[in-house]
Amino acid sequence: MLSRIKDIATKLAPRLVEIRRHLHSHPELSGQEYQTAAFVAGVLSSSGLHVQEGVGKTGVIGEVQGTNNDHRLLAIRTDMDALPIQERTDLEYASRTDGVMHACGHDVHTTVGLGTAMVLSQIADELGGKVRFLFQAAEEIAQGAHWMVQDQAMENVSAILGVHVFPSIPAGSIGIRYGALTAAADDLEITIIGESGHGARPHEAIDAIWIASQVISALQQAISRTQNPLRPVVLSIGKIQGGRAPNVIADQVQLWGTVRSLHPETRACLPHWIENIVANVCHAYGAKYQVNYRQGVPSVQNDYSLTQLLQSAAEEAWSSDRVQVLPEPSLGAEDFSVYLDHAPGSMFRLGVGYKDRMINHPLHHPEFEVDESAILTGVVTMAYAAYKYWL
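- Per an unreviewed UniProt entry, the chain is named Amidohydrolase, and its organism is Nostoc cycadae WK-1.

### Focus on the overall build of the chain
For step 1, the next point in the chain: In terms of helices and strands, the chain carries nine helices and 16 strands.
For step 2, the next point in the chain: For the chain, the C-alpha radius of gyration of 24 Å lies close to 21 Å, the compact-globule estimate for 391 residues.
For step 3, the next point in the chain: By principal-axis analysis of the C-alpha atoms, the chain measures approximately 80 × 45 × 40 Å.
For step 4, the next point in the chain: Put simply, 81% of the contacts in the chain that link residues at least 6 apart link residues at least 24 apart.
For step 5, the next point in the chain: Working note: accessible area of the chain is about 17000 Å², and carbon and sulfur atoms make up 48% of it.
For step 6, the next point in the chain: Averaging the locations of the 28 positively and 42 negatively charged side chains of the chain gives two centres separated by 2 Å.

### What to know about the UniProt feature "binding site: Mn(2+)" (unreviewed entry) in the chain
For step 1, the next point in the chain: Per the UniProt entry, the sites bearing "binding site: Mn(2+)" (unreviewed entry) are C104, H106, E140, H164 and H364 in this numbering. These annotated residues cover 261 residues of sequence, but their C-alpha atoms sit close together, with the largest distance between any two at 13.2 Å. Those annotated residues from the list above that line the largest pocket are C104, E140, H164 and H364.
For step 2, the next point in the chain: Looking at the element boundaries, H164 is found in strand 5 (residues 157-170).
For step 3, the next point in the chain: Once residues within four sequence positions are removed from consideration, H164 is found in contact with C104, H106, H109, E334, M347, F348, R349, L350 and L363.
For step 4, the next point in the chain: Mapped onto the elements of the fold, H364 is located in the loop between strand 16 (345-353) and helix 9 (374-389).
For step 5, the next point in the chain: Those residues in contact with H364, other than ones at most four positions away along the chain, are L83, I85, A103, C104 and E140.

### As for the environment of P232
For step 1, the next point in the chain: With respect to the secondary-structure elements, P232 resides in the loop between helix 5 (208-226) and strand 10 (233-242).
For step 2, the next point in the chain: By relative accessible area, which is 27% here, P232 ends up partly exposed.
For step 3, the next point in the chain: Residues P232 and A183, spaced 49 residues apart in sequence, show a C-alpha to C-alpha distance of 9.5 Å.
For step 4, the next point in the chain: Sequence-distant contacts of P232, defined by excluding residues within four places in its chain, comprise R260, S261 and L262.

### Considering the UniProt feature "domain: Peptidase M20 dimerisation" (unreviewed entry) in the chain
For step 1, the next point in the chain: The residues that UniProt annotates with the feature "domain: Peptidase M20 dimerisation" (unreviewed entry) are residues 188-283.
For step 2, the next point in the chain: For residues 188-283, helix accounts for 41% and strand for 31%, while the C-alpha atoms at its two ends are 20 Å apart.

### Some thoughts on the layout of surface pockets
For step 1, the next point in the chain: Approximately 640 Å³ is the volume found for the largest pocket.
For step 2, the next point in the chain: Lining the largest pocket are 29 residues, with E139, E140, R260, A333 and E334 sitting closest to its centre.
For step 3, the next point in the chain: Elements with a contribution of two residues or more to the lining of the largest pocket: strand 5, strand 8 (184-193), strand 12 (252-261) and strand 13 (288-297).
For step 4, the next point in the chain: Its residues assigned to classes, the lining of the largest pocket comprises ten nonpolar, eleven polar and eight charged.

### Digging into the sheet that holds strand 10
For step 1, the next point in the chain: In spatial order, the strands read 10-12-8-13; together these four strands make up an open sheet with antiparallel pairing. Across the chains shown, the open sheet's two edge strands, defined by having one partner strand only, are strand 10 and strand 13. In this sheet, adjacent strand axes meet at a mean angle of 15 degrees when their direction is disregarded.
For step 2, the next point in the chain: Pairing between strand 8 and strand 12: ten bridges, direction antiparallel. Bridged to I193 within strand 12 is Q252.
For step 3, the next point in the chain: Against the sheet, helix 6 (residues 264-285) touches strand 8, strand 10, strand 12 and strand 13, its axis set at about 165 degrees to strand 13.

### A word on helix 7 (residues 304-318)
For step 1, the next point in the chain: Compared with an ideal rise of 1.5 Å per residue, which puts 15 residues at 21 Å, helix 7 spans 21 Å between its outermost C-alpha atoms and is within 8% of the ideal.
For step 2, the next point in the chain: Inspection of helix 7 places L306, T307, L309, L310, Q311, A313, A314, A317 and W318 among the buried residues, and these make up the whole buried set.
For step 3, the next point in the chain: Looking one or two residues past helix 7, S319 carries a phi angle of roughly 85 degrees, positive in sign.

### Considerations on the side chain of E87
For step 1, the next point in the chain: Take E87: it is sitting in the loop between strand 3 (73-79) and helix 3 (106-122).
For step 2, the next point in the chain: At 3.0 Å, the side chain of E87 and the side chain of H24 are in polar contact.
For step 3, the next point in the chain: In this structure the side chain of E87 is engaged in a polar contact, spanning 2.9 Å, whose partner is the backbone nitrogen of S95.
For step 4, the next point in the chain: Apart from the residues within four sequence positions on either side, E87 is in contact with H24, A94, S95, M101 and P366.

Conventions adopted
- Residues numbered from 1 in each chain as written.
- Predicted model: local features only at pLDDT ≥ 70, side-chain atom pairs only at ≥ 80, totals over all residues.
- Heavy atoms only, no water.
- Helix = DSSP H or I, 4+ residues; strand = E, 2+ residues; numbered from the N terminus.
- Rg over C-alpha atoms; globule rule 2.2 N^0.38 Å.
- Contact = heavy atoms within 4.5 Å.
- Areas by Shrake-Rupley, 256 points an atom, 1.4 Å probe, with all protein chains shown as cover.
- Lys, Arg positive; Asp, Glu negative; His and termini not counted.
- Charge placed at Lys NZ, Arg CZ, Asp CG, Glu CD.
- UniProt positions renumbered as here; feature names shortened; annotations may be inferred.
- 1 Å grid on protein atoms, 1.4 Å probe; cavity = no way out; pocket = protein on both sides within 12 Å on 5 of 7 lines; lining within 4 Å.
- Buried < 20%, exposed > 50% of the residue type's maximum accessible area, 1.4 Å probe, protein only.
- Points joined across faces, edges and corners; volume = space filled by probe spheres on them.
- Nonpolar A, V, L, I, M, F, W, Y, C, P; charged D, E, K, R; others polar.
- Pairing = 2+ DSSP bridges.
- Axes fitted to C-alpha atoms, helices over the stretch in contact; angles between N-to-C directions.
- Expected span 1.5 Å × (residues − 1).
- Polar contact = N/O pair within 3.5 Å; in protein donor to acceptor, adjacent residues only side chain to side chain.

Written as structure tokens, this is what we have:
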């Protein structure tokens, strides 16, 4: 069966490159993937899949029904949205949409999903059960998976697999991670409320800008002294807004940031820990405060047996020297984790780096590129893992 899957995928490879380049040229932002969804639905329909559109707003579902009677339903999820980044590559198929770019590889993910669907549709008579493909919108704003779940995309699903490109390893390689793959990502908003005054007489005011700077420093210092270094926490303030004029003491400052963590126990303590630090700093200098801590997506925790399935499929397909067991998780986030509240799952890393380049730009970079030979690697790995799921 592996040789059959490889033969089908190899014949499809030129078409898959065309698909990926079309998607790359026509990126759409989160929640606006209308043309992408229509294109995906067309490819799935032409391959004989049963297709549902408008799932999870602009998401698409396609299903392949195996001929055997195993009741277990396997889902395969890929995401479709792009980023608000101005592309700076010189590719012939660079983005045609000003200020929007597939800089996180979702064009590759969608192509791998479509390629896997095309392969499995040709071996449906050999599949042990049903495969449901989830083409998800809005991963970049961490909403799409919630939308899909709300529209019953995970109904009756027994297990789910996913893929994400990884420029740090070369094309032709697969990265496997047992346990935590990505971090939980939460949103933080802090408002410091002081009292305005003349810039020449700061002692008559309560300087919200200066106090905000103390809050930022206190939070960063406290991480290294009060958080377990073996259970990492990253808190980054990415936006600050406050003040009206150079000679007026600001009476209010707003801070926005992101909080990343790997362990659920640590994550549960963070809202109180952050508010306590903010309260102590503000109390010391006479300011008031507001803290709004919003939980985002949890950490992706790869299921052990499904990760073994992916590893064995990749090693059989490509040999063990092309499969890396990744020693560390990423503190990036992935809303694939939302599906794991409904079924066990595992996501693998697809190497897309160029072997002959000194620099492979990271994800979310305006010059990010992928070695397209990775598409075949991803399709064969995913399709063979799906086939093996019922064995």
